[in-house]
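# Report on the structure
The chain contents come next:
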Amino acid sequence: MHLSAHSLSTLPADIQTPAYDRTAHDPGVVHLGLGAFHRAHQAMVFDQLLAGGDTRWGIHGVGMTRPDLVNQLRAQDGLYAVRIADGQGVKWQVPGTLWRMNVAATERDAVVQAIAAPSTRWVTLTVTEKGYTPALAQLLLDGLRLRQQAGLSGITIASCDNLQGNGHKLQALVKAAATPQDADVLGWLDAHCAFPCSMVDRIVPAATSEVMAAAQEALGVQDQCALSTEGFWEWVIEDRFADPLDAALLQSAGVRVTGDVHSYEEAKLRMLNGSHSAMALMGAVTGRPFIASCIGEPHIRSFVHRLMSREVAPHLSRSDWADYRDALIARFGNPYLKHSVHQIATDSSQKIPQRWPPSVLGQIAQGTSFEHHALAAAVFLCYTLGVDEQGQAYTLNDPQTESLMALGAAQRNEPEACVHALLAREDLWGKALPSNTAWTARVTHWHQQILQHGVDAAIQHLLQQEV
Ligand code: CS2
């Protein structure tokens, strides 16, 4: 037997399941980017609101390209189990929020109609850094145009990707897709829709067969879509909604609604995600499979602690950064998560620009050291070799795979030229860093150290240095 509306009543009594009616109402939220993250984060916040009796938070989930997950979820009536596990304990929960599903690539019209449905009040997005394309903007615009033409209410469109100022970016993208014929839609959009910026945080590794087996054990039925996550979750959203009453509602479910998302966004991107990328690349190159295996090594732990304290924190507006750092290091060590370094290293070319350069530039402006970021950048170059220090080959999964591998291929023979070629790329480092000779010199130094002695020895060397 597998998890479904039918088998829900057979689950052990200690598993929290939806007690609300999942069929009586139309979804109020269209979510674009139906991956693991959304299902273990926002879907669970909306689950709370539904459990509290507010029927407007059912989700119409949209997978952007691949049909497999959507098909599996359809076979389970949109149900899946989430294991929430950390030092505080282990529990399983089945959120009931996912009411309808489609795949944008093959069922585009259904998605446009969902955005234009009278019941829709929100569109949320986790389409990843590389998902902010004109095609996405066109999809949204087509749905919004139908709403405007039908005289429907405006909606809240919330980008939840790891991008600084994500709401502004999305709004600008949608507006850029408009043609002169869209003047009415744009006027309506400005008057009635809202694009709040938001910061979302919860570590949710991609589903694995191990978690699926654990789900079978805990649930007594098969669950192809089971996920594993930590207890911690945070959602900080700008107080800018099509329906202003949503602010208090979200707050009642534990969401932080504020005028100042920026300080949370920058701290999260540079502390959490910045450390994640550094560890992921180190893990990939040294052959350590998980974030927990990296942070479990004292030298990598010290490296991450110092990276955050010395090079990231001085440029943050969030003042409680020391507590935030310590909490992050504890979260990285969560043994239940088995968060694959190769998963996080995926799309590094799209992630690094938000995660590292702002801290490096901050240090340069203050005349202080950026050694930890320089070492991380050197590890990134080594990563493009596609083979770890044990001689095991791995695959790069990145829209820039080809150019990165071409650029890094000669690094053993012409190390300096390769460092220069990598650091010259404005798509990775922005406009100011490529011309900074001190930055180039330090990345070159650490790259040489790594080629000669390996990543671990280079880190040890850095830790001995009083920087
Ligand atoms: C990770 C994030 O894969 C990645 O790039 O850094 O998905 C991270 O786990 C989340 O942002 C945590 O909230």
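Residues numbered from 1 in each chain as written. Predicted model: local features only at pLDDT ≥ 70, side-chain atom pairs only at ≥ 80, totals over all residues. Heavy atoms only, no water.

## Concerning the overall build of the protein chain
Secondary structure assignment for the protein chain yields 22 helices and eleven strands. A globule of 467 residues ought to have a C-alpha radius of gyration of about 23 Å, and the protein chain, at 23 Å, matches this closely. For the protein chain, the spread of C-alpha atoms along the three principal axes comes to 65 × 55 × 40 Å. Within the protein chain, the fraction of its 467 residues that count as buried is 56%. Put simply, 79% of the contacts in the protein chain that link residues at least 6 apart link residues at least 24 apart. Only carbon and sulfur atoms are counted for the fraction: they give 52% of the accessible area of the protein chain, which is about 18100 Å². Taking the average place of the 34 positive charges on the side chains of the protein chain and the average place of its 46 negative ones, the gap between the two points comes to 1 Å. (Helix = DSSP H or I, 4+ residues; strand = E, 2+ residues; numbered from the N terminus. Rg over C-alpha atoms; globule rule 2.2 N^0.38 Å. Buried < 20%, exposed > 50% of the residue type's maximum accessible area, 1.4 Å probe, protein only. Contact = heavy atoms within 4.5 Å. Areas by Shrake-Rupley, 256 points an atom, 1.4 Å probe, with all protein chains shown as cover. Lys, Arg positive; Asp, Glu negative; His and termini not counted. Charge placed at Lys NZ, Arg CZ, Asp CG, Glu CD.)

## Here's the deal with the side chain of D347
Mapping D347 onto the fold places it in the loop between α14 (341-345) and α15 (348-355). Taking relative accessible area as the criterion, D347 reaches 5% and is therefore assigned buried. At 2.6 Å, the side chain of D347 forms a polar contact with the side chain of K130. (Polar contact = N/O pair within 3.5 Å; in protein donor to acceptor, adjacent residues only side chain to side chain.)

## Notes on the sheet that holds strand β4 (residues 89-93)
Taken in spatial order, the three strands make up an open sheet running β4-β3-β9, and their pairing is mixed. Each of the sheet's edge strands pairs with one partner strand only, and the pair in question is β4 and β9 (227-229). Shown here is a sheet whose adjacent strand axes are inclined to one another by a mean of 20 degrees, direction ignored. Inspection of the sheet shows strand β3 (residues 82-86) paired to β9 by three bridges, in the parallel sense. (Pairing = 2+ DSSP bridges. Axes fitted to C-alpha atoms, helices over the stretch in contact; angles between N-to-C directions.)

## Some remarks on the packing of aromatic side chains
Between two aromatic rings, the relevant description is the distance of the centres plus the angle of the planes. Enumeration over the complete set of coordinates arrives at nine aromatic pairs. A cation sits over an aromatic face here: R318 above Y324, 4.3 Å from the ring centre. (Phe/Tyr/Trp six-rings, centres within 6.5 Å; stacked < 30°, edge-to-face > 60°. Lys NZ or Arg CZ within 6 Å of the ring centre and 35° of its normal.)

## Observations concerning the side chain of R306
Position of R306 relative to the elements: it lies in helix α12 (residues 298-312). R306 sits in the buried class, given a relative accessible area of 10%. A distance of 3.1 Å separates a polar atom in the side chain of R306 from a polar atom in the side chain of H372.

## Some points on the environment of G408
Among the secondary structure elements, G408 is positioned in helix α18 (residues 401-408). It is 12 Å that separates the C-alpha atoms of G408 and H447, two residues lying 39 residues apart in sequence. Those residues within four positions of G408 in sequence are excluded, and the remaining contacts are L381, T384 and L385.

## A look at the site of the ligand
As a matter of local geometry, the ligand sits amid N162, V200, D201, R202, K268, N273, H276, H339, I344, K351 and R355. K268 has a polar side-chain atom sitting 2.6 Å from an oxygen atom of the ligand. In this structure, an oxygen atom belonging to the ligand sits 3.0 Å away from a side-chain N or O atom of N273. If the ligand stood free it would expose 340 Å²; the protein chains cover 89% of that surface. When residues in the shell around the ligand are grouped by element, the largest group, three residues, is from helix α10 (residues 262-286). Taken together, the residues of the shell around the ligand sort by class into two nonpolar, four polar and five charged. (Near = heavy atom within 4 Å. Nonpolar A, V, L, I, M, F, W, Y, C, P; charged D, E, K, R; others polar.)

## Description of the pattern of salt bridges
Applying the stated criterion to the full structure yields 24 salt bridges. The partner of D243 in a salt bridge is R121, with the nearest N and O atoms 2.9 Å apart. Highlighted residues: D243 in the loop between β10 (234-238) and α9 (246-252) and R121 in the loop between α4 (108-115) and β6 (122-125), separated in sequence by 122 residues. R121 gets classed as buried once you look at its relative accessible area, which sits at 15%. E266 is the salt-bridge partner of R270, the closest N and O atoms lying 3.6 Å from each other. Of this pair, R270 and E266 both sit in helix α10, separated by four residues, roughly a single helical turn. With relative accessibility at 10%, the residue R270 sits in the buried group. For E266, a relative accessible area of 5% corresponds to the buried category. (Salt bridge = Lys/Arg side-chain N within 4 Å of Asp/Glu carboxyl O.)

## Remarks on the domain arrangement of the protein chain
One frequent convention defines the size of an interface as the accessible area lost when the parts assemble. Domain parsing of the protein chain yields domain 1 (8-258) and domain 2 (262-465). On a C-alpha basis, the centres of domain 1 and domain 2 stand 31 Å from each other. If you look at the interface, domain 1 gives 29 residues, while domain 2 gives 26 residues. Interface area, domain 1 with domain 2, both sides summed: about 2300 Å², of which 53% is carbon and sulfur. For the pair domain 1 and domain 2, the interface holds five salt bridges. For E129, the salt bridge identified is with R355, shortest N-O distance 3.6 Å. Those elements giving two or more residues to the side of domain 1 that touches domain 2 turn out to be β3, β8 (198-201), β9 and β10. A total of four residues in the side of domain 1 that touches domain 2 trace back to one element, the largest contributor, which is β8. Here the residues of the side of domain 1 that touches domain 2 are counted per class, giving twelve nonpolar, seven polar and ten charged. (Domains from an automatic or database assignment. Buried area = accessible area lost by both parts, 1.4 Å probe.)

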